[in-house]
Amino acid sequence: MTEPTPIGHGGRLTVDLAALRANWRILATAAECPETAAVIKADAYGCGIARAAPALWAEGCRTFFVAHLSEALSAREAVPDAVVYVLNGFPPGSAQAYRDADLRPVLGSRDEVAEWAAANREAGPRPAALHVDTGMNRLGLSVPDALSLAGDPMMAEAGFDLLMSHLVSAEVEHDPLTDHQAAEFARVRAAYPHLRASLANSSGDFLASCRADLARPGYALYGGNPRPGRDNPMRPVVRLEAGILQVREVEAGATAGYNARWVARGPRRLATLSLGYADGYPRASTGRGEAVVGGVRCPFAGNVSMDLIILDVTEVPRDALRRGAPATLIGDGLDLDTVGRNAGTIGYEILTGLGARYERVYRD
Ligand SMILES: *Cc1c(COP(=O)(O)O)cnc(C)c1O
C-alpha cells in the first residue's frame, strides 16, 4: 500500500480508471468492429458503475450493457447520453419504466417481443435489441424462430436496432462450437440485414469469426485475461490490499485458524490480515490462497475466516512485517484469474463478488 492502511475498513480496493480506459482502447482495436461497447452489469463487475461508466464515456465508449433495470438507471445517471441496453430484457408490465428512462431492453422470447411491440404501438416507437440463441440455451429466440419471424409485422413494431447472440466458450482456443455459433449467427443476420449485429464478448473480441458491427466486452475491461493460457494483454484494474494486524511465531505442531486445519511442520511466523470472506474474498481459497508481503508470495495458513486471514510469512524479511504493513491479495503479480483458480472458481466471480466493505479508492 502506498498509503497507510485504511482506518475504519479491513481492506482497500483500488480501481485504476486509467487502466480501465486503456483496456477499452485495446479491446476496441482488437475487436475490429465499427463500434465497441462496454458491459457494465453487476456494478461494472464490482468496480462501480458511477465511476467506471463516465471514464469509459470519456474514452469514447457510447454504448453500454447492463443486466437489470436498476443497473440501467444507475448507468443512465452516470452517462446520461449513452445508449443503454438491458440484457435480461424487461419483466412483464415494466415497458413504461424502460421507455421513461430511454433504455433498450434485449428481447429474447415471442412473449417479450409481443409486449414491447404492443407498447410501441400504443405509445410510439422505442428501440430494442433482439437476442438470438445460437447455442447457450439460456436467453434468446431460437434460430428457427428468428428466421420464421423475420417478416412478421410484430418484429417491425418491436423497433429492433440491434441483433445479438452470446458465445458459449469463446475463451477456449479453436472450440468448434464458436465457429458453429458464428455460422448460425450469420444465417440470422442475413434474415435481418437492416439490423446492426453484435456477437463478441471479451474473448470473442480476439476472434475474426466473431466480428460484427458492435463488440460487447466485459471482463477484460476490468483486467481479466480474455485468452486464458496466453499472456494477458489487459492492464490490471483492481488492486486489493489489507493490513497486517499481528505477527506471531509458532512452534512445530502448532495449528492455526478454525478447526485446526493448518499444522506447522516446523517453526513458522504467521501474520493475521484484516480481511475475510465477509469482504467477498472466498473461503474456498483455504489451503490454496496467497498474498504478497514485502515482495514475497505467502500461502494462507488455515481457514479463511469472516474478517481475518492468517498468512505464513516465514519467508518475508522481518522489516516488512510491521503492524499495519500491507499485504496484497489482488495485484503485485497475483492476477484475478489466479485468485479465481485458487478459490476453485473463475476471476469473474472474484471480481463481481468483491464486497462493499472495503475502502474504495479510484485513480486516474
Ligand atoms: C456478460 C455478457 C457479456 C460480456 O462478457 P465478458 O465475457 O465479460 O466479456 C456480453 N454479452 C452478454 C450477453 C453477457 O451476458
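So, how was this worked out
- Residues numbered from 1 in each chain as written.
- Predicted model: local features only at pLDDT ≥ 70, side-chain atom pairs only at ≥ 80, totals over all residues.
- Heavy atoms only, no water.
- UniProt positions renumbered as here; feature names shortened; annotations may be inferred.
- Helix = DSSP H or I, 4+ residues; strand = E, 2+ residues; numbered from the N terminus.
- Contact = heavy atoms within 4.5 Å.
- Areas by Shrake-Rupley, 256 points an atom, 1.4 Å probe, with all protein chains shown as cover.
- Lys, Arg positive; Asp, Glu negative; His and termini not counted.
- Charge placed at Lys NZ, Arg CZ, Asp CG, Glu CD.
- Core = buried A, V, L, I, M, F, W, Y, C linked by side-chain atoms within 4.5 Å.
- Buried < 20%, exposed > 50% of the residue type's maximum accessible area, 1.4 Å probe, protein only.
- Domains from an automatic or database assignment.
- Near = heavy atom within 4 Å.
- Polar contact = N/O pair within 3.5 Å; in protein donor to acceptor, adjacent residues only side chain to side chain.
- Salt bridge = Lys/Arg side-chain N within 4 Å of Asp/Glu carboxyl O.

Identification of the protein as Alanine racemase from Methylobacterium terrae is taken from an unreviewed UniProt entry. What UniProt states about the protein under its Sequence similarities (unreviewed entry) heading is, verbatim, "Belongs to the alanine racemase family."

> Just to check I follow, could you spell out the overall build of the protein for this structure?
A count of helices and strands for the protein gives 11 helices and 20 strands. In terms of its C-alpha atoms, the protein occupies a principal-axis envelope of roughly 75 × 40 × 35 Å. Long-range pairs, those at least 24 residues apart, make up 65% of the contacts in the protein between residues at least 6 apart in sequence. Carbon together with sulfur atoms contributes 51% to the accessible area of the protein, which is approximately 15,700 Å² in total. Here the protein holds 37 positive side-chain charges and 43 negative ones, and the gap between their average locations is 5 Å.

> Even after reading the chapter, I still don't get the nonpolar core, so can you show me in this structure?
Side chains of nonpolar character tend, in soluble globular proteins, to be buried together. By size, the foremost hydrophobic cluster in this structure holds 107 residues, and its most contacted members are I40 and L329. Residues from two domains meet in this core; each of domain 1 (17-222) and domain 2 (238-363) gives at least three. In this structure, V250, L270, A301 and I310 belong to the second largest nonpolar core, which totals seven residues.

> Where do I start with the site of the ligand in this structure?
Around the ligand, the structure places 14 residues, and the nearest of them are K41, Y45, S202, G218 and Y348. Y45 is positioned such that a nitrogen or oxygen atom in its side chain is 2.6 Å from an oxygen atom of the ligand. H166 places a side-chain nitrogen or oxygen 3.3 Å from a nitrogen atom of the ligand. For the ligand, the accessible surface in isolation is 390 Å², of which the surrounding protein chains cover 92%.

> Looking at this structure, I do not really get the pattern of salt bridges. What am I missing?
Inspection of every chain in the model, using the stated rule, returns 21 salt bridges. A salt bridge links R104 to D161; the shortest N-O distance between them is 2.4 Å. One end of the pair, R104, is in strand β6 (residues 104-107); the other, D161, is in strand β9 (residues 160-164), with 57 residues separating them in the sequence. Look at R104 and you get buried, because its relative accessible area is 18%. Residues participating in the shared-partner salt-bridge network are R21, R25, E59 and D364.

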